[in-house]
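A closer look at the structure
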Amino acid sequence: QVQLVESGGGSVQAGGSLTLSCVASGYTYQMGWFRQCPGAEREGVAGFDFFGRTTYADSVKGRFTISQDIAKNTLYLQMNSLKPEDTAMYYCAASTRADTLYALRAARYNYWGQGTQVTVSS
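The paragraphs below set out a description of the structure included in this document. Note that the structure is a prediction, hence the values are computed from the model and not measured. (Residues numbered from 1 in each chain as written. Predicted model: local features only at pLDDT ≥ 70, side-chain atom pairs only at ≥ 80, totals over all residues. Heavy atoms only, no water.)

1. Overview of the environment of glycine 32
The condition that has to hold: Strands are runs of DSSP state E lasting at least 2 residues, helices are runs of H or I lasting at least 4, and numbering of each runs from the N terminus. Think of it in three bands: with a 1.4 Å probe and only protein chains considered, a residue is buried below 20% of the maximum accessible area for its type, exposed above 50%, and partly exposed in between.
The topology assignment puts glycine 32 in strand β4 (residues 30-36). A relative accessible area of 0% means that glycine 32 is categorised as buried. Separated by 17 residues in the primary sequence, glycine 32 and aspartate 49 have C-alpha atoms spaced 9.0 Å apart.

Shown next, in the form of structure tokens:
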């Protein structure tokens, strides 16, 4: 079993920054970040592909950076220049098996954190 615990969410004004963290317990092979607004489908934000390359949603390119500390089994999402449309519940996701699926495809992942809320005010 894998447990994922996100932290770092909060409320900021537009243009501000937040850093999200996700600490994983148990083995994880690949990880990524997703977000979801009420009534909407979960959207891939950033993730690592099979080769460890980063992939970003067009809406966050140039503003968000995904990184990981393998030794600490921790995933990060640095969010800069935040916009009100970034407001959502952010979820850490992990897969316990290697695959070549698109890094921002939710079906790739078999474990999810509880989510951390990010609210950006104008």
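2. Observations regarding the state of the cysteines
Our working rule: The term disulfide is used for any two cysteine sulfur atoms that are within 2.5 Å.
Tallied over the full model, the rule gives one disulfide. Between the sulfur atoms of cysteine 22 and its disulfide mate cysteine 92 the distance is 2.0 Å. Handedness of the cysteine 22-cysteine 92 disulfide follows from its S-S torsion of about -75 degrees: it is left-handed. Remark: cysteine 92 occurs in strand β9 (residues 88-95) and cysteine 22 occurs in strand β3 (residues 18-25); sequence separation between them is 70 residues. This pair shows no difference in class: cysteine 22 is buried, exactly as cysteine 92 is. Not part of a disulfide, cysteine 37 finds its nearest cysteine sulfur in cysteine 92, a span of 18 Å.

Interpretation in functional terms is not warranted from these geometric data alone.
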